[in-house]
Amino acid sequence: MSLSEIRSRIATACDAAGRDTADVTLIAVSKVQPLERVQAVLDEGQRVFGENRVQEAASKWPGFRESYDGIELHLIGPLQSNKVRQAMELAQAIHSVDRPKLATAIARIADETGNCPELFIQVNTGEEPQKAGILPAEADGFIAECRALSLPVKGLMCIPPVEEEASLHFALLAKIAARNGLPGLSMGMSGDFEKAISFGATHVRVGSAIFGQREGYTG
Ligand SMILES: *Cc1c(COP(=O)(O)O)cnc(C)c1O
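No experiment lies behind these values; they were computed from the predicted model shown.

A. Quick look at the packing of helix α2 (residues 35–43) against helix α3 (residues 54–67). Contact geometry for α2 and α3: axes closest at 12 Å, N-to-C directions at 40°. Relative to α3, the element α2 is oriented oblique. The element α2 and its partner α3 pack so that their crossing is right-handed. Between α2 and α3, the contacting residues are Leu35, Val38, Gln39 and Leu42 on the first element and Lys60, Trp61 and Phe64 on the second.

B. Spatial organisation of the nonpolar core. One finds Ile10, Phe49, Trp61, Ile121, Leu156, Val204 and Ile210 to be the most contacted residues of the largest nonpolar core, which totals 64 residues. Counting residues per element, this core draws most heavily on helix α5 (residues 100–113), at 7 residues. Discounting residues that sit within four places of it in the chain, Trp61 has contacts with Ser30, Val38, Leu42, Phe49, Glu51, Ile71 and Leu73.

C. Main features of the packing of aromatic side chains. Overall, the coordinates contain 4 aromatic pairs when judged by the stated rule. Summarising the aromatic geometry, the rings of Phe49 and Trp61 are spaced 4.7 Å apart at their centres and angled 40° between planes, so their arrangement reads as tilted. Highlighted residues: Phe49 in strand β2 (residues 48–51) and Trp61 in helix α3, separated in sequence by 12 residues. Comparing Phe49 with Trp61 shows no difference in burial state: the two are buried. Seen from their ring centres, Phe64 and Tyr68 are 6.4 Å apart, and the 70° between their planes marks the pair as edge-to-face. With relative accessibility at 9%, the residue Phe64 sits in the buried group. Residue Tyr68 is classed as buried on the basis of its relative accessible area of 12%. Feature note: the residues Phe49, Trp61, Phe64 and Tyr68 constitute an aromatic cluster, connected by ring pairs.

D. Seen up close, the pattern of salt bridges. Summed over all chains, the structure comprises 9 salt bridges. Two residues, Lys60 and Glu51, come together in a salt bridge whose shortest N-O distance is 2.8 Å. Residue Lys60 is classed as buried on the basis of its relative accessible area of 7%. The partner of Lys131 in a salt bridge is Glu128, with the nearest N and O atoms 2.8 Å apart. Judged by its relative accessible area of 11%, Glu128 is buried. Each member of the salt-bridge network shares a partner with another, and the members are Glu51, Glu56 and Lys60.

E. Spatial organisation of the UniProt feature "domain: Alanine racemase N-terminal" (unreviewed entry) in the protein chain. When the UniProt feature table is mapped onto this chain, "domain: Alanine racemase N-terminal" (unreviewed entry) is found at residues 3–214. Secondary structure over residues 3–214 splits into 45% helix and 17% strand, and the C-alpha atoms at its two ends are 16 Å apart.

Cut-offs applied
Residues numbered from 1 in each chain as written. Predicted model: local features only at pLDDT ≥ 70, side-chain atom pairs only at ≥ 80, totals over all residues. Heavy atoms only, no water. Axes fitted to C-alpha atoms, helices over the stretch in contact; angles between N-to-C directions. Helix = DSSP H or I, 4+ residues; strand = E, 2+ residues; numbered from the N terminus. Parallel < 35°, antiparallel > 145°, perpendicular 65-115°, else oblique. Left-handed = near helix turned anticlockwise from the far one by under 90°. Contact = heavy atoms within 4.5 Å. Core = buried A, V, L, I, M, F, W, Y, C linked by side-chain atoms within 4.5 Å. Buried < 20%, exposed > 50% of the residue type's maximum accessible area, 1.4 Å probe, protein only. Phe/Tyr/Trp six-rings, centres within 6.5 Å; stacked < 30°, edge-to-face > 60°. Salt bridge = Lys/Arg side-chain N within 4 Å of Asp/Glu carboxyl O. UniProt positions renumbered as here; feature names shortened; annotations may be inferred.

Here it is in structure tokens:
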């Protein structure tokens, strides 16, 4: 599917929900995609991209930044504490803040450098043991903790369990964000971004629908 088709589907979903298209940011998730495909999407005018590994982002994006202006990189995958500094240098947003230790590490580096990406707190709405994210019951406390550290928390992020109806998870995330006064909702992927928009998504993370299937990739 082309980038313009995805954009028009986002516009249709916004219309149906009575929302302004300008309030939904499309993050093109370029992880594991061949550089030619990423470059083609850059050439079509897309500037907001998502990667889920710091190492991979570091190998790819500084090069593209030499040729294209205005690139905005969002880190959407699990973040190890020892990669925080590099992540903060590379990315304009981090969507996977999910534990106090990580929040503290980000705050320390932000104090030192005077620079901090926009942050989204990942909530494990399905309470899946193998999945990253703060548990829903602990979200309010963790959000308060991040705010006490003066972190720029923009919103919340979730990845619903594959075998469950995503709507329940989108609604739960929206509810937690609303009661905490957070404007950002990072939710919705290739299979469900329109539904996510109907529940208030401000950032949709779309990979395979734009770039094609990721070959041999299981993460
Ligand atoms: C890979 C990934 C996506 C994109 O998934 P698609 O189904 O290819 O659109 C979105 N969010 C996260 C966190 C991802 O890791």
